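# Structure at a glance
If you want the building blocks of each chain, they are given just below.
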Amino acid sequence: MKNWLIFISVFMVSLSLVISILVLWKAEAPFRSIEEQAEQLALDAKALAVVSESYTYNGKNSYVTVFGVDEYGEKKAVFVPTNLEEDSIQEVFLKDGITEKQALSVFKDEGNVQKVLHMKLGYEEPGVVWEITYLNNHDKLNYVYILFENGDWVKRIKNL
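The rules behind each value
- Residues numbered from 1 in each chain as written.
- Predicted model: local features only at pLDDT ≥ 70, side-chain atom pairs only at ≥ 80, totals over all residues.
- Heavy atoms only, no water.
- Phe/Tyr/Trp six-rings, centres within 6.5 Å; stacked < 30°, edge-to-face > 60°.
- Helix = DSSP H or I, 4+ residues; strand = E, 2+ residues; numbered from the N terminus.
- Buried < 20%, exposed > 50% of the residue type's maximum accessible area, 1.4 Å probe, protein only.
- Lys NZ or Arg CZ within 6 Å of the ring centre and 35° of its normal.
- Contact = heavy atoms within 4.5 Å.
- Pairing = 2+ DSSP bridges.
- Polar contact = N/O pair within 3.5 Å; in protein donor to acceptor, adjacent residues only side chain to side chain.
- Salt bridge = Lys/Arg side-chain N within 4 Å of Asp/Glu carboxyl O.
- Axes fitted to C-alpha atoms, helices over the stretch in contact; angles between N-to-C directions.

Next up on the list: the packing of aromatic side chains. This model, assessed by the stated rule, comprises five aromatic pairs. On the basis of an interplanar angle of 40 degrees and a centroid distance of 6.0 Å, the ring pair of Phe79 and Tyr123 is categorised as tilted. Of the two residues, Phe79 sits in strand 3 (residues 75–81) while Tyr123 sits in strand 5 (residues 113–124), which places them 44 residues apart along the sequence. Its relative accessible area of 22% is what places Tyr123 among the partly exposed residues. Here the basic side chain of Arg156 rests over the ring of Trp153, its NZ or CZ set 4.0 Å away from the ring centre.

Below, the structure written as structure tokens:
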């Protein structure tokens with residue numbers, strides 16, 4: 001009887017683990033697909049010659065931010081809309097704005113930061129922004145948007 005209980009317990013835990021992995025894998029698939037298509041569009045549009053990284057940015061409009069190098073060796077970020085319209089592609093040279101570390105230092109001067117969850121470069125109405133997601137000292141979720149070109153604050157969403 002004891003062996004049956006152990007077997008059933010191990011089986012249930014294993015089954016739960018396999019199902020969880022499959023669900024997460026399937027949930028990630030649309031993001032991988034759109035990111036691959038956006039990377040290919042950035043290459044086809046000659047905005048980039050080599051792609052190094054990409055991720056989805058969700059703001060007022062959704063974009064895939066694609067990082068890479070153009071044909072002249074300049075580091076760029078290309079913002080491809082998720083509807084994959086080539087006419088709506090935006091791009092920026094990384095040397096023309098503040099770095100991730102500089103944006104983080106501008107942001108950390110504000111204080112009241114317990115943990116930075118992530119930073120993303122994205123495209124919003126005023127232009128290219130750094131989106132910083134963090135937890136404050138009271139474990140509340142917060143968002144800060146800092147302009148890429150000069151480090152000015154654009155928007156803050158506090159205590160969610």
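Having seen it, we continue.
What follows deals with the environment of Leu84. Within the secondary structure, Leu84 sits in the loop between strand 3 and strand 4 (90–93). Residues Leu84 and Ile6 lie 78 residues apart in sequence; the distance between their C-alpha atoms is 52 Å. In this structure Leu84 touches Ile34, Gln37, Ala38 and Leu41, once residues within four positions along its chain are discounted.

In terms of strand pairing, strand 7 (residues 141–147) meets strand 8 (residues 153–157) through four bridges, oriented antiparallel. Following the sheet pairing, Ile146 is matched in strand 8 by Trp153. In textbook terms, the turn of a hairpin is the stretch between consecutive antiparallel strands, and for strand 7 and strand 8 this stretch comprises five residues, one of which, Gly151, has a positive phi near 85 degrees.

Moving on to the side chain of Lys76. Tracing the chain through its elements places Lys76 in strand 3. At 2.6 Å, the side chain of Lys76 forms a polar contact with the side chain of Glu91. Dropping the residues within four chain positions of it, Lys76 is found in contact with Ala47, Leu48, Val66, Phe67, Gly68, Asp70, Glu91, Val92, Phe93 and Leu94.

Let us now look at the pattern of salt bridges. Enumeration according to the criterion identifies two salt bridges in this entry. Across the pair Glu74 and Lys95 runs a salt bridge whose closest N-O atoms are separated by 3.5 Å. In this pair, Glu74 sits in the loop between strand 2 (62–69) and strand 3 while Lys95 sits in the loop between strand 4 and helix 2 (100–108), placing the two residues 21 residues apart along the sequence. Judged by relative accessible area, Glu74 falls into the partly exposed class, the value being 28%.

Turning our attention to unusual backbone geometry. We note that Lys46 has phi near 65 degrees; this positive angle belongs to a residue other than glycine. Mapped onto the elements, Lys46 comes out in the loop between helix 1 (2–44) and strand 1 (50–58). Of the residues examined, Lys46 reaches a relative accessible area of 66% and is grouped as exposed. The phi dihedral of Leu84 is positive, around 60 degrees, even though this residue is not glycine.

Take the sheet that holds strand 3 next. The strand order across the open sheet formed by four strands is 1-2-3-4, and the pairing between neighbours is antiparallel. This sheet does not close on itself; its edge strands, each paired only once, are strand 1 and strand 4. Neighbour-to-neighbour, the strand axes of this sheet turn through a mean angle of 20 degrees, independent of strand direction. Note: strand 2 against strand 3, seven bridges, orientation antiparallel. Along strand 3, the bridge assignment pairs Val64 with Val80.

In short, geometric facts, not functional conclusions.
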